[in-house]
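Listed below are the residues making up each chain.
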Amino acid sequence: MFSNDPFIDIHTHQNTTHPDTIALISSDYHTAPEQGKYYSFGIHPWHIEQHPLNESLALLMQAASLPQTLAVGESGLDRVIGTSFELQEKYFRAQITVSEYYKKPMIIHCVKAYSDIQEIRKTGKFKMPWVIHGFNANKQTADQLIKMGFYLSFGKALLNDESKAAQVFPLIPMKSIFLETDEEDIDIRDIYTTAAGLRKISIEQLRQKIAENARVLFK
């Protein structure tokens, strides 16, 4: 799947991809997957009140079992929304169970909840890797997450020189990074171009390294 060092878009909500790009399409578990495309299915913390847990978990288990499903998520925790944090954590932990059962990594949405995510990871002794998508926090937070084995995925924030993401990205290990487009109407190539510039390496070198990371993440 990753033999030719393609562009990897680790998290996108766009359903269109280029021939030289492998995109992990984040979708609702009701979505019927298309042949030749790869997916992550999960229950976003913004939407959990719309989904009864038992019913949702059963459907998510079915979606996660598909060979085209490479990861579970996006799931996660968000402290700036009105939904009960206790309820968010309940849904998050349920989706971790799905990830562990099917041996598929997690794509995680995290807003002002990094310490909570880290505590859950530390106390749960989980085996599957977790990817924080849309990372845009400081170096200390990045270092803490990487020390615990997290991957960090960077998106549009890299295009803003003043963002925390742009400042942190050149300073962290290459083995811990991914790139993404998320919901943005932007080409993953533009993210790669900016990211390569920040690391002062060629786009080809960046493609090779991120493809290596994907091989490790998805076995």
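Residues numbered from 1 in each chain as written. Predicted model: local features only at pLDDT ≥ 70, side-chain atom pairs only at ≥ 80, totals over all residues. Heavy atoms only, no water.

Chemist: So what exactly am I meant to see when it comes to the overall build of the chain here?
Modeler: Counting its secondary structure elements, the chain contains seven helices and eight strands. Against the compact-globule benchmark of 17 Å for 219 residues, the chain has a radius of gyration of 16 Å, which places it among compact chains. Each of the three principal axes of the chain carries a C-alpha extent, and together these read 50 × 40 × 30 Å. Counting across all 219 residues of the chain, residues that qualify as buried make up 52%. In the chain, of all internal contacts separated by at least 6 residues, the share reaching a separation of at least 24 is 65%. In the form shown here, the chain has an accessible surface area of approximately 10500 Å², with 49% of it arising from carbon and sulfur atoms. (Helix = DSSP H or I, 4+ residues; strand = E, 2+ residues; numbered from the N terminus. Rg over C-alpha atoms; globule rule 2.2 N^0.38 Å. Buried < 20%, exposed > 50% of the residue type's maximum accessible area, 1.4 Å probe, protein only. Contact = heavy atoms within 4.5 Å. Areas by Shrake-Rupley, 256 points an atom, 1.4 Å probe, with all protein chains shown as cover.)

Chemist: So what exactly am I meant to see when it comes to the environment of Ile191 here?
Modeler: Relative to the helices and strands, Ile191 resides in helix H6 (residues 188-199). Taking the C-alpha atoms as reference points, Ile191 and Gly155, separated by 36 residues in sequence, lie 6.6 Å from one another. With near-sequence residues (within four places) excluded, Ile191 lies in contact with Phe154, Gly155, Lys156, Leu158, Leu159, Leu179, Glu180 and Ile186.

Chemist: Help me understand the nonpolar core in this model?
Modeler: Nonpolar side chains in soluble globular proteins generally cluster together in the buried interior. By size, the foremost hydrophobic cluster in this structure holds 64 residues, and its most contacted members are Ile132, Phe135, Phe154 and Leu179. The greatest single-element share of this core, amounting to six residues, is contributed by helix H2 (residues 85-102). (Core = buried A, V, L, I, M, F, W, Y, C linked by side-chain atoms within 4.5 Å.)

Chemist: Help me understand the packing of aromatic side chains, please; the structure alone is not making it clear to me.
Modeler: Geometry of an aromatic ring pair is reported as the spacing of the ring centres plus the angle between the planes. Applying the stated rule across the entire model yields ten aromatic pairs. The interplanar angle of 75° and the centroid separation of 5.0 Å between the aromatic rings of Phe154 and Phe169 together place this pair among those described as edge-to-face. Here Phe169 lies in the loop between helix H5 (164-168) and strand S8 (177-179) and Phe154 lies in strand S7 (residues 151-154), a separation of 15 residues in the sequence. Of the two residues examined, Phe154 and Phe169, each falls in the buried class. Positioned above the aromatic ring of Phe85 is the side chain of Arg79, whose terminal nitrogen or guanidinium carbon lies 3.7 Å from the ring centre. (Phe/Tyr/Trp six-rings, centres within 6.5 Å; stacked < 30°, edge-to-face > 60°. Lys NZ or Arg CZ within 6 Å of the ring centre and 35° of its normal.)

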